[in-house]
Amino acid sequence: MKNFLFAFLLTVFSFAIDVHIAKEKNISQNVSREEINGIQDYFYELFHFHMSERGAKKLLKENRALANEYLKKYGLSSYDKNRIKVITELYLANKFVKQIQNKVKLDDDEILSYYLDHKDEYLQPNTVDFVAFVFDTPENAMKFYEKNKKTSMKKLIKIAKQNHAIIKEYKKRSIKKLKADLRYLVNKYQHGLLPPLIGKKSSVIYIESFDKKKKYKSFNEVRKEIEKILKNKKFLDERQRIVKKYNKSIINEN
Amino acid sequence: MKINSIIIYIITIILFLGCSAKNKHLKSKHLKITDVYVKQYIFKNDNLQQKLIQRFKEYWHYRQKGDYNKSYMFELPYQRYLMPFPKYKALAAGSYVGKKTVLEKINLDKKNSQAILQRKVYFNNLYRIKKDKWLYINGQWYHKFYQSILPPKTEEEAEFQ
């Protein structure tokens with residue numbers, strides 16, 4: 001445990017947990033792969049937020065330094081110690097239930113019926129392909145627009161390059177997630193043209209193509225996701241069932 | 001002579017068993033339902049719709065009779081997975097259990113494997129118009145259960161409660 005600030009000593013005696021935490025003089029700047037994965041999973045489970053590896057490393061180091069300072073200054077109260085203990089117990093208990101639950105496969109009808117009943121939640125996002133020509137001034141953008149309203153894509157790129165514009169291509173962008181003014185243009189105008197400029201802007205948009213049909217994700221695509229949703233919803237019932245079984249086995253042992 | 005009588009005996013037994021099996025099958029298929037009706041003008045030639053009407057009649061017959069063990073099996077499979085029978089029974093047995101149900105309208109959406117049904121529920125001399133949602137899953141129609149004891153949590157629940 002040389003490299004770790006926290007030395008968690010989890011000793012399991014008859015399902016009891018003992019937690020030992022101590023401050024360190026020299027804080028290690030290294031973070032392990034498992035620690036990175038651990039904090040990424042934690043944030044995803046809690047907030048549905050995908051943390052980058054860089055972000056995870058940064059946060060781990062910051063927490064390490066701050067936690068160590070706390071230990072130096074205040075030490076660990078028995079409340080803190082018990083709280084860490086119960087959180088660890090909760091984590092292990094839930095993991096135990098989930099592992100048992102995951103062994104039971106849901107049948108096709110159960111998953112399919114959920115899919116059909118919630119089909120609108122599985123709509124494919126409508127997407128658009130577009131190119132943005134970014135000029136140094138709004139005036140140059142306006143000039144480009146006025147001169148090339150009906151020019152083909154290839155020519156537009158050539159002219160834009162001659163005018164030193166920055167060309168950015170965007171593929172399969174969800175229309176829902178576009179900025180309001182761009183979404184308005186995509187919804188109102190046909191593809192294969194330059195829609196008018198809204199306000200004073202230094203960029204011109206060319207709508208290459210879009211997909212606005214109402215399409216649903218296929219059942220196989222969302223099958224695992226649904227299985228997870230149903231198991232999460234059933235989790236508390238499952239936990240009760242397993243607790244009853246576990247308690248019985250303890251009673252039998254005694 | 002003896003062999004002949006044994007053969008006749010065996011054939012009679014087989015025929016008898018066959019008839020009883022057939023009758024049993026007919027009995028379950030043609031359940032005597034006297035409290036659920038279907039309006040005359042509802043188109044019944046469509047096979048899918050015919051199946052739906054049969055399921056509808058059986059389901060509401062069981063619900064009105066208070067045979068929740070049987071009606072439970074008509075509910076959507078994922079709802080049964082999430083809702084154990086005792087909870088279902090508690091939520092299904094409200095004070096507004098009708099005495100007679102008439103199926104008035106069917107909106108069949110084959111593309112999305114679902115149907116919205118309109119029914120008239122009679123409580124003595126009074127009646128209420130209610131809506132049902134049914135989904136077609138792997139060759140069978142299933143009812144979507146909406147509890148009617150607690151206040152609705154979603155817009156859909158409010159519409160179908």
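Residues numbered from 1 in each chain as written. Chains lettered and ligands numbered in written order. Predicted model: local features only at pLDDT ≥ 70, side-chain atom pairs only at ≥ 80, totals over all residues.

Enquirer: So what's going on with the overall build of chain B? Residues and values would help.
Expert: The secondary structure content of chain B amounts to six helices and five strands. Reading the secondary structure of chain B in the N-to-C direction produces α-β-α-α-α-α-β-β-β-β-α. Going through the 161 residues of chain B one by one, you find that 22% of them count as buried. Summarising the internal contacts of chain B: among those between residues at least 6 apart in sequence, 49% fall at separations of at least 24. (Helix = DSSP H or I, 4+ residues; strand = E, 2+ residues; numbered from the N terminus. Buried ≥ 20, exposed ≤ 12 C-beta atoms within 10 Å, placed from the backbone. Contact = placed C-beta atoms within 7 Å.)

Enquirer: Outline the sheet that holds strand β5 (residues 140–143) of chain B, supporting the account with residue identities and numerical values.
Expert: Read across the open sheet, the five strands follow the order β1-β2-β3-β4-β5 (chain B); overall the sheet is mixed. The open sheet has two free edges, formed respectively by β1 (36–38) and β5 of chain B, since each of these has just one partner strand. Each strand axis lies, on average, 35° off the axis of its neighbour in the sheet, ignoring direction. As defined by bridge partners, strand β2 (residues 100–109) of chain B adjoins strand β3 (residues 114–123) of chain B across nine bridges and the pair is classed as antiparallel. Residue pairing across strands places Val102(B) opposite Lys120(B), the latter belonging to β3(B). Of the strands in this sheet, β3, β4 (126–137) and β5 of chain B are in contact with helix α4 (residues 108–117) of chain A, which crosses β4(B) at around 120°. Packed on one face of the sheet, helix α2 (residues 47–65) of chain B meets β1, β2, β3, β4 and β5 of chain B and runs near 145° to β2(B). (Pairing = 2+ DSSP bridges. Axes fitted to C-alpha atoms, helices over the stretch in contact; angles between N-to-C directions.)

Enquirer: An account of unusual backbone geometry is requested, with residue identities and associated values reported.
Expert: Residues and elements named next belong to chain B. Phi at Ser-113 takes a positive value of approximately 50°, unusual for a residue other than glycine. You can see Ser-113 is positioned in the loop between β2 and β3. Positive phi is not limited to glycine here, since Asn-138 has a value of about 45°. Within the secondary structure layout, Asn-138 lies in the loop between β4 and β5.

Enquirer: Can you break down the sheet that holds strand β3 (residues 127–134) of chain A residue by residue, with the values?
Expert: Strands pair in a sheet through their backbones, by hydrogen bonds, and they do so in one of two ways: parallel or antiparallel. Residue and element names in this part refer to chain A. A sheet is described by the order of its strands in space; here three strands give the open sequence β4-β3-β5, paired in antiparallel fashion. Edge positions in the open sheet fall to β4 (166–174) and β5 (203–211), since each of these has one partner strand only. Mean inter-strand twist for the sheet, computed between neighbouring axes without regard to direction, equals 15°. Strand direction decides the pairing type here: β3 and β4, joined by seven bridges, are antiparallel. For Ala-132, the partnering residue across the bridge sits in β4 and is Lys-168.

Enquirer: Provide a residue-level description of the interface of chain A and chain B, including the pertinent values.
Expert: How big an interface is tends to be stated in terms of accessible area lost as the parts join. Each partner contributes residues to the interface: chain A has 12 residues there, and chain B has 13 residues. Residue assignment for the side of chain A that touches chain B shows that the elements contributing at least two residues are α4 and α8 (219–253) of chain A. By residue number, the principal contributor to the side of chain A that touches chain B is α4(A), which donates seven residues. Here the side of chain A that touches chain B is composed, by residue class, of five nonpolar, one polar and six charged. (Nonpolar A, V, L, I, M, F, W, Y, C, P; charged D, E, K, R; others polar.)

Enquirer: Before we move on, can you summarise the confidence of the model for chain A with the specific residues and values?
Expert: All names here are of chain A. In this model, chain A carries an average pLDDT of 84, and 90% of its residues clear a pLDDT of 70 or more. Per-element averaging of pLDDT across chain A places strand β1 (residues 11–13) at the bottom with 41 and α4 at the top with 95. Segment residues 1–15: pLDDT under 50, and 22 contacts once partners within four positions in sequence are set aside and those in other chains are kept. (pLDDT = per-residue confidence, 0-100.)

Enquirer: Go over the nonpolar core, please, and point to the residues and values.
Expert: Core analysis: the largest hydrophobic core is formed by 27 residues, its most contacted members being Leu52(B), Phe56(B), Trp134(B), Leu135(B) and Tyr142(B). Sorting the residues of this core by element identifies α4 of chain A together with α2, α4 (77–82), β2, β3, β4 and β5 of chain B as the ones contributing at least two each. With six residues, the single largest contributor to this core is α2(B). Among residues more than four places away in sequence, those in contact with Leu52(B) are Ile106(B), Ala115(B), Trp134(B) and Trp141(B). Residues Val128(A), Ala165(A), Val186(A) and Ile205(A) belong to the second largest nonpolar core, which totals 14 residues. (Core = buried A, V, L, I, M, F, W, Y, C linked by C-beta atoms within 7 Å.)

Enquirer: Before we move on, can you summarise the pairing of β5(B) with the specific residues and values?
Expert: Residue and element names in this part refer to chain B. Relative to β5, β4 is paired through four bridges, and the arrangement is antiparallel. Of the residues in β5, the one forming a bridge with Ile-137 is Gln-140. Counting the residues that bridge the hairpin from β4 to β5 gives two residues, and of these Asn-138 lies at a positive phi of roughly 45°.

Enquirer: Describe helix α1 (residues 33–47) of chain A, with residues and values.
Expert: Residue and element names in this part refer to chain A. Look at α1: 21 Å from first C-alpha to last across 15 residues, which is about the 21 Å you get at 1.5 Å a residue. Of all 15 residues making up α1, only zero are buried, and the element is barely covered by its neighbours. Phi for His-48, located one or two positions after α1, is positive at around 55°. (Expected span 1.5 Å × (residues − 1).)

Enquirer: Can you lay out the environment of Asn220(A) for me, pointing to particular residues and giving the numbers?
Expert: Within the secondary structure, Asn220(A) is located in helix α8. Separated by 108 residues in sequence, Asn220(A) and Leu112(A) place their C-alpha atoms 9.6 Å apart.

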